[in-house]
Amino acid sequence: MKLVITIISNNDTEKVLDAVAINGYFATKISTTGQFLVDGHTALLVCCEDEKVDRLYEILKSSVTKRKIKTQGVKSTITGSLLNQAVDVEEYGALAFVADIDRFEKF
């Protein structure tokens with residue numbers, strides 16, 4: 001068994017949860033904070049058999065959206081510096097980790 005821990009944009013949460021459920025996976029949604037995604041993010045925990053992880057990754061990739069966001073440039077003490085202007089940054093749609101599960105039970 002594997003535990004797939006996925007951090008996704010709040011903008012994609014419902015779409016991802018629907019796609020995961022339609023394909024027979026069960027997910028636990030956890031609200032999280034951090035610096036990965038500017039508009040907020042959610043962590044999903046999905047437990048599945050080893051051979052189903054690649055399919056889950058395909059589902060995740062097709063359900064999240066990469067975005068270009070504006071973010072402040074480098075802080076500078078130089079007055080009028082171009083470094084202070086907002087720049088476009090590509091924000092990935094998700095980040096996923098896989099961990100081995102020694103024991104899994106439903107109660």
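Just above, that's the structure.
Residues numbered from 1 in each chain as written. Predicted model: local features only at pLDDT ≥ 70, side-chain atom pairs only at ≥ 80, totals over all residues. Heavy atoms only, no water.

(A) Up close: the overall build of the protein. When you go through the protein residue by residue, the secondary structure sums to 2 helices and 6 strands. Helices (α) and strands (β) of the protein occur, in sequence order from the N terminus, as β-α-β-β-α-β-β-β. Counting the 107 residues in the protein, one finds 31% classified as buried. The long-range share in the protein, meaning contacts at least 24 apart out of those at least 6 apart in sequence, stands at 67%. Accessible surface computed for the protein: about 7400 Å², of which carbon and sulfur atoms make up 54%. (Helix = DSSP H or I, 4+ residues; strand = E, 2+ residues; numbered from the N terminus. Buried < 20%, exposed > 50% of the residue type's maximum accessible area, 1.4 Å probe, protein only. Contact = heavy atoms within 4.5 Å. Areas by Shrake-Rupley, 256 points an atom, 1.4 Å probe, with all protein chains shown as cover.)

(B) Expanded view of the packing of aromatic side chains. Per the counting criterion, the structure on display carries 0 aromatic pairs. Cation over ring: K106 sits above F26, and NZ or CZ is 5.1 Å from the ring centre. (Phe/Tyr/Trp six-rings, centres within 6.5 Å; stacked < 30°, edge-to-face > 60°. Lys NZ or Arg CZ within 6 Å of the ring centre and 35° of its normal.)

(C) Inspection of the pattern of salt bridges at higher detail. In this structure the tally under the stated criterion is 4 salt bridges. Ionic pairing is found between K2 and D100, a salt bridge with its closest N-O pair at 2.2 Å. With K2 in strand β1 (residues 2-9) and D100 in strand β6 (residues 94-100), the pair connects residues that are 98 residues apart, well separated along the chain. Given the relative accessible area of 17%, K2 is considered buried. The partner of R55 in a salt bridge is E58, with the nearest N and O atoms 3.3 Å apart. Linking R55 with E58, this pair stays in helix α2 (residues 53-63), spanning 3 residues, or about one helical turn. (Salt bridge = Lys/Arg side-chain N within 4 Å of Asp/Glu carboxyl O.)

(D) Looking closely at the environment of D50. Along the chain, the position of D50 falls in the loop between β3 (41-48) and α2. Judged by its relative accessible area of 42%, D50 is partly exposed. For the pair D50 and K2, spaced 48 residues apart in sequence, the C-alpha separation works out to 5.8 Å. Once residues lying within four places of it in the same chain are set aside, the contact partners of D50 are M1 and K2. A polar atom in the side chain of D50 sits 3.1 Å from the backbone nitrogen of M1. (Polar contact = N/O pair within 3.5 Å; in protein donor to acceptor, adjacent residues only side chain to side chain.)

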